[in-house]
Amino acid sequence: MAMIGAGVRVAPEHTLLFERLINVLVSAAPGIRFCFSTSPETTIDAIRRWT
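S.K.: Whenever I open this one, the packing of aromatic side chains confuses me. Can you help?
M.R.: In this description, an aromatic ring pair is defined by two values, namely the gap between the centres and the angle between the planes. Under the defined criterion, the tally for this structure stands at two aromatic pairs. Between F18 and F36 the ring centres are 6.3 Å apart and the planes differ by 65 degrees, which places this aromatic pair in the edge-to-face class. Linking F18 in helix α2 (residues 15–28) with F36 in strand β2 (residues 34–36), this pair joins segments that are 18 residues apart in sequence. Measuring from ring centre to ring centre gives 6.2 Å for F34 and F36, while their planes differ by 20 degrees; the resulting arrangement is stacked. Here the aromatic cluster, defined as three or more aromatic residues joined through ring pairs, consists of F18, F34 and F36.

Put into structure tokens, the structure is as follows:
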């Protein structure tokens, strides 16, 4: 499982980084599950949705 926060996902200047991150993780770990949080406060809830 990989947690990716809003700091990487939402900022338009980070779009290329976000795409590369997803592609590298999928290549390294086929079947990986991703969790997406919108703030530090929502991190635990995002993880709980997948466990």
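S.K.: I would appreciate a short explanation of the environment of L16 in the present structure.
M.R.: Relative to the helices and strands, L16 is located in helix α2. A relative accessible area of 48% means that L16 is categorised as partly exposed. Between the C-alpha atoms of L16 and G31, which are 15 residues apart in sequence, the distance is 22 Å.

Criteria and thresholds
- Residues numbered from 1 in each chain as written.
- Predicted model: local features only at pLDDT ≥ 70, side-chain atom pairs only at ≥ 80, totals over all residues.
- Heavy atoms only, no water.
- Phe/Tyr/Trp six-rings, centres within 6.5 Å; stacked < 30°, edge-to-face > 60°.
- Helix = DSSP H or I, 4+ residues; strand = E, 2+ residues; numbered from the N terminus.
- Buried < 20%, exposed > 50% of the residue type's maximum accessible area, 1.4 Å probe, protein only.

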